[in-house]
2 protein chains.
Amino acid sequence: MASTSSLALSQALLARAISHHGSSDQRASLPAFSGLKSTASRASASSRRRNAASMSKIRSLRPLVRAAAVETLEPTTDSSIVDKSVNTIRFLAIDAVEKANSGHPGLPMGCAPMAHILYDEVMRYNPKNPYWFNRDRFVLSAGHGCMLLYSLLHLAGYDSVLEEDLKSFRQWGSRTPGHPENFETPGIEVTTGPLGQGIANAVGLALAEKHLAARFNKPDAEVVDHYTYVILGDGCQMEGISNEACSLAGHWGLGKLIAFYDDNHISIDGDTEIAFTENVDQRFEALGWHVIWVKNGNTGYDEIRAAIKEAKTVTDKPTLIKVTTTIGYGSPNKANSYSVHGAALGKKEVEATRNNLGWPYEPFQVPEEVKSHWSRHTPEGAALESDWNAAFAAYEKKYPEEAAELKSIITGELPAGWEKALPTYTPESPGDATRNLSQQCLNALAKVVPGFLGGSADLASSNMTLLKAFGDFQKATPEERNLRFGVREHGMGAICNGIVLHSPGLIPYCATFFVFTDYMRGAMRISALSEAGVIYVMTHDSIGLGEDGPTHQPIEHIASFRAMPNTLMFRPADGNETAGAYKIAVTKRKTPSILALSRQKLPHLPGTSIEGVEKGGYTISDDSSGNKPDVILIGTGSELEIAAKAGEVLRKEGKTVRVVSFVCWELFDEQSDEYKESVLPSDVSARVSIEAASTFGWGKIVGGKGKSIGVDSFGASAPAPLLYKEFGITVEAVVDAAKSLF
Amino acid sequence: MASTSSLALSQALLARAISHHGSSDQRASLPAFSGLKSTASRASASSRRRNAASMSKIRSLRPLVRAAAVETLEPTTDSSIVDKSVNTIRFLAIDAVEKANSGHPGLPMGCAPMAHILYDEVMRYNPKNPYWFNRDRFVLSAGHGCMLLYSLLHLAGYDSVLEEDLKSFRQWGSRTPGHPENFETPGIEVTTGPLGQGIANAVGLALAEKHLAARFNKPDAEVVDHYTYVILGDGCQMEGISNEACSLAGHWGLGKLIAFYDDNHISIDGDTEIAFTENVDQRFEALGWHVIWVKNGNTGYDEIRAAIKEAKTVTDKPTLIKVTTTIGYGSPNKANSYSVHGAALGKKEVEATRNNLGWPYEPFQVPEEVKSHWSRHTPEGAALESDWNAAFAAYEKKYPEEAAELKSIITGELPAGWEKALPTYTPESPGDATRNLSQQCLNALAKVVPGFLGGSADLASSNMTLLKAFGDFQKATPEERNLRFGVREHGMGAICNGIVLHSPGLIPYCATFFVFTDYMRGAMRISALSEAGVIYVMTHDSIGLGEDGPTHQPIEHIASFRAMPNTLMFRPADGNETAGAYKIAVTKRKTPSILALSRQKLPHLPGTSIEGVEKGGYTISDDSSGNKPDVILIGTGSELEIAAKAGEVLRKEGKTVRVVSFVCWELFDEQSDEYKESVLPSDVSARVSIEAASTFGWGKIVGGKGKSIGVDSFGASAPAPLLYKEFGITVEAVVDAAKSLF
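Residues numbered from 1 in each chain as written. Chains lettered and ligands numbered in written order. Predicted model: local features only at pLDDT ≥ 70, side-chain atom pairs only at ≥ 80, totals over all residues. Heavy atoms only, no water.

- An unreviewed UniProt entry lists chain A under the name transketolase, from Thlaspi arvense.
- For chain A, the Catalytic activity (unreviewed entry) comment in UniProt is given as "D-sedoheptulose 7-phosphate + D-glyceraldehyde 3-phosphate = aldehydo-D-ribose 5-phosphate + D-xylulose 5-phosphate".
- Under Subunit (unreviewed entry), UniProt gives the following word-for-word description of chain A: "Homodimer." (UniProt positions renumbered as here; feature names shortened; annotations may be inferred.)

Next up, the structure:
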């Protein structure tokens, strides 16, 4: 019984069975987290397009194979089969790129040896359940080389990449898009391609493992225990984000993070000599990493194996294994040149490469002995998972409380009634900055949501993000939940993507000043694209921050995120709206939420509510009848108070006024036409919006006859109240605008 | 005569006399580059608010002082005056922050010694002409410590920071905003505050010097010869952008870049131990820098002097001088803690600090002997400039051609008729991708514009940005103009900000895929804010890039830049529009331009023109009369062709159709109401827009009854033509939308 429940537990959802291709209303249908699927529905999803799933290959290879897998590092197979397997990987990549006439063959050809050793000899995974909790994670940070990963998943027996998928590489609706996408292809952990993201995601994955292991493992039960492997290239190394994330990895001592640096001396513009001559080894040593150099990454299998073995002995530092390879290895005329990086080899060169490597097989053909060799991973993976299930069942018996918490983190099922922990407020509650109200929510949530953790990019005391009941996640205290990212916004976002994609119930938040989303936008877009429900706590959200001036005052940022697909941009006005934003943010596990929060104190307004926030836009006060107010005043965040005050002035002058909070446009977009009409009746064209930010985009809301009050220039350095006056973000401005419409 | 002309030459404009505070229509009034102002008008601008300019202090100190300045590194003054000067800097910062009750006293108190030595003993500048071409550049990368810089400018005799300015620190309309802003305060080279930008700007400034020196210096005439100094803190060091830029600085061997790392072990969240334990010295050595450690930055004046001396002897590498300091040095109860970082000390602690440092002076008081000591910089600076003018006059005689080029770079005056070099096209010209057409423009411009240079973040062959007539700017060939940034987008943008702010006639362009503006947005916003006319060449501008898929397909980026103040977002449709965009981009020296360019081939359309682009939006075809078409079809970039074809279809069906190119919304916004009405008559509500990007923002253009065709979800991986069909970016969609409006 216990075993059955934990088996189901470990088989988390096969995410997102329905592809989003071509759906132009994706944003409107932001899917809620679908919870734990049954084994049956998972199987059905994964075999949707795959009637020929090779289940018959489960044979009794288990004892032999598992020994090899557990030991991992002894060359248990003769090198001819390794050669053949490595060349299979190379040619699957060559053939797929050739058929698509598009893609990147160079990296897979060069990295095939290390990749083979990882997936065939070292990593612990279950190809038939890509979501098994305790699997080793692999990240291809150099995402353009995705045919490497697709070839590996295919050989390893993942149902997500069958031969037909390899043949439809980079085609419409395929599971093998041009860069690895976790939401398209089970077995892919994170979405990579934009360089440097993957290595930073891997830091997040390794952090998650270290944190969960420290919280849940017992001397007699290591229920959390896996490695995180990465392959990154010269491009990833040059990106600042990778230095940020790797500096943190060294600081945190993430000993189970092992990164392979594909040192091939070639980038798109040619030899790395033209722009990249730093000493990478020395830099990583400076960052606190253990560094190993594999000089012959092309054929030095034992060198690679020895490096991994050494890396595993270093438990207090992450390891960088620099593997010197030849890009496009095997291509007689294009290897070691940029021409093999990002284009098909061409028919002639494919033939030359076949001859050069002695490869008599047809395109896409996997030699039988290679198939047979790799077939052991299906039973082996099943056994690994089944052993873990048994171990977890024992753990559950002995440590029921910890098991319940860990289960919630593994499945993403939140404890019943968690949302009741969120604070509520009345207009009589003392006014406060929404950044402070946010801190009340964060602390309330951390008490009831086991996987809630996060931190700030060196602004904890300004962003108000410290969890008071917990200490700092540090090398020696990884069980704690306050993450200290230092001034590394981009790395922070990508690390959080890694954390959230580690386990459905890990809910990371991260924080900085709203204006510095500019530094981390690359990672935030990947949150949205890869359906990673990170919570972005962004304070100091307007000119209302005052004296720090225009370098620190966001203007265009709200609009810029409203335009980003699958992103919820919240700008709460007070305590209830802040709580409402958090309620949704926690629920939306496949959509990142951004909370723009004030530095300055705000009152709690009559009429605001958590339920209102769930609608995205709603009426907070109205003295009209028949859905025909004389004017509709629309505000967000700190300007909702101004709209409300302007409403009072206009009502005193005899006008009927509706005041609307537009706290989250995306949620409003999802509502029924009927609801929308009840808030913004099409007959009422007298509409005024006020928001201390760019007016860009408001035209659609206020309509051709409405007016938008905002800030369309950069801000200035001065006390906040004066700035509001000078920039015309005032009650008088709203009243005047409204009057001009009567 | 020659001497007079070169004197005028070196006195470039005192930029931007009129502050932009509070002007909500800043965007609409994007000022054109105002060219070289006369000496008279400069003086008038600079003394606008300053009738008491201390010109009377120009005495005959010259011979003595200049010797000290030229030698720079000998301690020529007794240490008691140095102590007093250093404490003056500290207390000016303390007093200004105290009066504003806002700001960052900790850094100025800790960095005063190195800053004093730089501005008083080392740097060569002319306080009465902050724009003297050959001045040493100083960048405070840790911009929050701006009171350090304001104090220095005040002591050195800059008219931009008088006592009244110090007293209005962080107040509305002052010259002393909360972070250093080059556009507010002459003497400030670049705008800093967002961490890491300044050090990257400094790399750009040093690159500019090295490039110009290599191009223009002669064995008998070093007309370009200055250092670039930076102070950066722990925050800057953590940011990825600084690693990117410093890696390039090492690669390029920028020997005249000298960076002071304020190593004070404190960041906002507390001791750097919590998030920053890497070995910075070793990392910089790995990046190819020379590293020196000054162990006593608080009082070790001679150590600091010796370090600078040593740094200057290393000519093939940039130097990092790690200066260990105490943040808030002198404050008995707050020094060495985060509490002194970003808040006023408070009355009591100010008094305690006065006692502790033995400072009997009133707030804002500069002791007479300190005033007197610093007063020599005014005559010294005038002498430096005058000597340089004489040298340049001699150079001009001997090397008239080179002098003319250099002069154009110094003044920003473009050679007459430069715009005639831009290519033009007819509908019969062979169709091409706008990225290729862009390359024709870049190469045409590089031939006629002396200060035109740039490059790509490792995508030169995809962005099509190579200048064929030039080689690569490298350590050994710094006279060349192709910059190889490697995969470092953020660093690239900030380096270009440094280049463009070095000299009015340096016009850098930089390139990557449009989607990766997400990586460099922090720098792009600083371009806009600091009035740095960088040209951003952004190719692969839509789902039209095809197989690389959604990680590489920009969706929300166009909207996000349309919302950014002082930014021109161009999306040209063909050759003429690409040339038009470049014409404006080259002219607009105080506004960055972003060109979104296609990967795919496009036809040259009838009706497009350079003149049209200058209007931002214009009619390319129209068969209506009386300014009353049945429908207006509006397109940009690659979709203008679709709009034009849909127009043909509708005309065949008897409708009158106007087709409008909306290539740059910001320029259209600047046009007269009359012109706008001539393109988009308010009576015509039947409007359809088409753009392969987010429809966000189009509501204002098409109005409440119009329709917008776009892509509001993420893209997908497939061949481009199929993507256009699947996402509904088609002629049929435009025709159907138009018909629904009749």
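Back to the text.
## Comments concerning the side chain of Asp 120 of chain B
Residues and elements named next belong to chain B.
- Residue position: Asp 120 is located in helix H5 (residues 106-122).
- A polar atom in the side chain of Asp 120 sits 2.7 Å from the side chain of His 377.
- Every residue in contact with Asp 120, bar those within four places of it in the chain, is listed here: His 373, Trp 374, Arg 376 and His 377. (Helix = DSSP H or I, 4+ residues; strand = E, 2+ residues; numbered from the N terminus. Polar contact = N/O pair within 3.5 Å; in protein donor to acceptor, adjacent residues only side chain to side chain. Contact = heavy atoms within 4.5 Å.)

## Structural notes on the pattern of salt bridges
- In total, this model carries 64 salt bridges over all chains according to the counting rule given.
- For the salt bridge of Arg 484 of chain B with Asp 472 of chain B, the shortest nitrogen-to-oxygen distance reads 3.0 Å. A residue pair is termed long-range when its members are at least 10 positions apart, and Arg 484 of chain B in strand E10 (residues 482-484) and Asp 472 of chain B in the loop between helix H18 (460-463) and E10 qualify at 12 residues.
- Through salt bridges with shared partners, a single ionic network connects Glu 121, Asp 302 and Arg 305 of chain A. (Salt bridge = Lys/Arg side-chain N within 4 Å of Asp/Glu carboxyl O.)

## Section: the packing of aromatic side chains
- All chains considered together, the criterion is met by 51 aromatic pairs over all chains.
- When the centroid spacing of 5.7 Å and the interplanar angle of 70° are considered together, the rings of Phe 516 of chain A and Tyr 519 of chain A count as edge-to-face. For the residue pair Phe 516 of chain A and Tyr 519 of chain A, the accessibility class agrees, reading buried in each case.
- Seen from their ring centres, Tyr 125 of chain B and Tyr 158 of chain B are 5.8 Å apart, and the 25° between their planes marks the pair as stacked. Of this pair, Tyr 125 of chain B sits in the loop between H5 and strand E1 (137-140) while Tyr 158 of chain B sits in the loop between helix H6 (146-156) and helix H7 (163-167), placing them 33 residues apart in sequence. The burial state of Tyr 125 of chain B is the same as that of Tyr 158 of chain B; both residues are buried.
- Among the aromatic residues, those joined into a ring-pair cluster are Phe 662, Trp 665, Phe 668, Tyr 675, Phe 696 and Trp 698 of chain A together with Phe 662, Trp 665, Phe 668, Tyr 675, Phe 696 and Trp 698 of chain B.
- The ring of Tyr 399 of chain A has Lys 218 of chain A lying over it, and the distance from NZ or CZ to the ring centre is 4.8 Å.
- Above the face of the Tyr 675 of chain A ring, Lys 615 of chain A is positioned so that its terminal group lies 4.9 Å from the ring centre. (Phe/Tyr/Trp six-rings, centres within 6.5 Å; stacked < 30°, edge-to-face > 60°. Buried < 20%, exposed > 50% of the residue type's maximum accessible area, 1.4 Å probe, protein only. Lys NZ or Arg CZ within 6 Å of the ring centre and 35° of its normal.)

## Some words on the relation of the copies chain A and chain B
- Its rotation angle being 180°, the transformation that places chain A on chain B also includes 0.0 Å of axial translation and leaves an RMSD of 0.0 Å. Considering both components of the superposition, the chain copies are consistent with a two-fold axis.
- Counting the interface residues of chain A, we find that 98% of their copies in chain B are interface residues as well, pointing to one common contact surface. (Least-squares fit on C-alpha atoms with pLDDT ≥ 70 in both.)

## Thoughts on helix H22 (residues 575-587) of chain A
Residues and elements named next belong to chain A.
- For H22, built from 13 residues, the straight-helix expectation of 18 Å at 1.5 Å per residue is met to within 8% by its first-to-last C-alpha distance of 19 Å.
- Counting buried positions along H22 gives 11 out of 13 residues, so the element sits mostly inside the fold.
- Among all positions of H22, only Gly 575, Asn 576, Glu 577, Thr 578, Ala 579, Gly 580, Ala 581, Tyr 582, Ile 584, Ala 585 and Val 586 are buried.
- Where H22 begins, one side-chain oxygen reaches toward the backbone nitrogen of Asn 576, 3.4 Å away; that side chain belongs to Asp 574. (Expected span 1.5 Å × (residues − 1).)

## Regarding the UniProt feature "active site" (unreviewed entry) in chain A
- The sites that UniProt annotates as "active site" (unreviewed entry) are Glu 489 of chain A.
- The topology assignment puts Glu 489 of chain A in helix H19 (residues 489-502).
- Those residues within four positions of Glu 489 of chain A in sequence are excluded, and the remaining contacts are Glu 244, Ala 457, Thr 512, Phe 516, Tyr 519 and Met 520 of chain A together with Glu 239 of chain B.

## Notes on the pairing of strand E3 (residues 257-263) of chain B
- The element E3 of chain B is largely enclosed, with a buried count of seven among its seven residues.
- Covered by surrounding structure in E3 of chain B are Leu 257, Ala 259, Tyr 261 and Asp 263 of chain B together with Ile 258, Phe 260 and Asp 262 of chain B, the residues of both alternating faces.

## Observations concerning the UniProt feature "binding site: substrate" (unreviewed entry) in chain A
Residue and element names in this part refer to chain A.
- Sites flagged by UniProt as "binding site: substrate" (unreviewed entry) map to His 104, His 341, Arg 435, Ser 462, His 540, Asp 548, His 552 and Arg 599. With the annotated positions falling across 496 residues, the maximum pairwise C-alpha distance of 48.0 Å shows that they are not confined to a single cluster.
- By secondary structure assignment, the location of His 540 is in the loop between strand E12 (535-539) and helix H21 (557-562).
- A relative accessible area of 4% places His 540 in the buried class.

## A look at the interface of chain A and chain B
- Listed per partner, the contact involves 102 residues of chain A and 101 residues of chain B.
- Summed over both partners, the interface of chain A with chain B buries about 8,500 Å², with 57% contributed by carbon and sulfur atoms.
- Linking chain A with chain B are eight salt bridges.
- Asp 548 of chain A serves as the salt-bridge partner of Arg 170 of chain B, at 2.7 Å between the closest nitrogen and oxygen.
- Our count for the chain A to chain B interface comes out at 48 residue pairs in polar contact (both at pLDDT 80 or more).
- At the level of secondary structure, the elements contributing two or more residues to the side of chain A that touches chain B comprise helix H9 (234-238), helix H10 (240-252), helix H11 (280-286), helix H18 (460-463), H19, helix H20 (517-529), H21 and helix H28 (720-726) of chain A. (Buried area = accessible area lost by both parts, 1.4 Å probe.)

## Focus: the sheet that holds strand E3 (residues 257-263) of chain A
Residues and elements named next belong to chain A.
- Read across the open sheet, the five strands follow the order E1-E2-E3-E7-E6; overall the sheet is parallel. One side of each edge strand has no neighbouring strand; the edge strands of this open sheet are strand E1 (137-140) and strand E6 (290-294). On average, each strand axis in the sheet is tilted by 15° relative to the strand beside it, whichever way the strands run.
- Inspection of the sheet shows E6 paired to strand E7 (residues 319-324) by five bridges, in the parallel sense. By the bridge assignment for E7, Val 294 is matched with Val 323. (Pairing = 2+ DSSP bridges. Axes fitted to C-alpha atoms, helices over the stretch in contact; angles between N-to-C directions.)

## Some words on the sheet that holds strand E9 (residues 452-456) of chain B
Residue and element names in this part refer to chain B.
- Judged by pairing direction, the sheet is parallel, and its six strands sit side by side in the order E10-E9-E11-E12-E14-E13 without closing on themselves. The sheet is open, and its two edges are formed by E10 and strand E13 (568-570), each paired on a single side. Across the sheet, the mean angle separating the axes of adjacent strands is 20° when strand polarity is ignored.
- Bridge analysis of E9 against strand E11 (residues 507-513) gives five bridges, and the strand direction is parallel. In the sheet register, Gly 454 faces E11, and the bridge partner there is Tyr 509.
- On top of the sheet, helix H19 (residues 489-502) reaches E9, E10, E11 and strand E12 (535-539); it is set at about 170° to E11, its chief contact.

## Digging into a negative patch on the surface
- A cluster of acidic residues, Asp 673, Glu 674, Glu 677 and Asp 683 of chain A, forms a negative patch on the protein surface.
- One can find Glu 674 of chain A in helix H26 (residues 673-679). (Patch = residues over 30% accessible without salt bridge, like charges linked within 9 Å, V, L, I, M, F, W, Y side chains within 5 Å. Areas by Shrake-Rupley, 256 points an atom, 1.4 Å probe, with all protein chains shown as cover. Lys, Arg positive; Asp, Glu negative; His and termini not counted. Charge placed at Lys NZ, Arg CZ, Asp CG, Glu CD.)

## Quick look at the pairing of strand E2 (residues 228-232) of chain B
Residues and elements named next belong to chain B.
- For E2, the buried fraction is high: five of the five residues fall into the buried class.
- Where burial is concerned, the two faces of E2 agree: the one with Thr 228, Val 230 and Leu 232 and the one with Tyr 229 and Ile 231 are both buried.
- With four bridges connecting them, E1 and E2 associate as parallel partners. Paired with Arg 137 across the bridge in E2 is Thr 228.
- Strand direction decides the pairing type here: E2 and E3, joined by five bridges, are parallel. Bridging across to E3, Thr 228 finds its partner in Leu 257.

## With respect to the side chain of Thr 730 of chain A
Residue and element names in this part refer to chain A.
- Locating Thr 730 in the fold gives a position in the loop between H28 and helix H29 (731-739).
- Among the residues examined, Thr 730 registers a relative accessible area of 16% and is labelled buried.
- A polar atom in the side chain of Thr 730 sits 3.1 Å from the backbone nitrogen of Ala 733.

## A closer look at the state of the cysteines
Residues and elements named next belong to chain A.
- Scanning all chains against the criterion turns up zero disulfides over all chains.
- Cys 246 carries a free sulfur, and the closest cysteine sulfur to it, the one in Cys 236, is 9.5 Å from it.
- Cys 496 provides the cysteine sulfur closest to Cys 510, a residue in no disulfide bond, and the two sulfurs are 4.0 Å apart. (Disulfide = S-S within 2.5 Å.)

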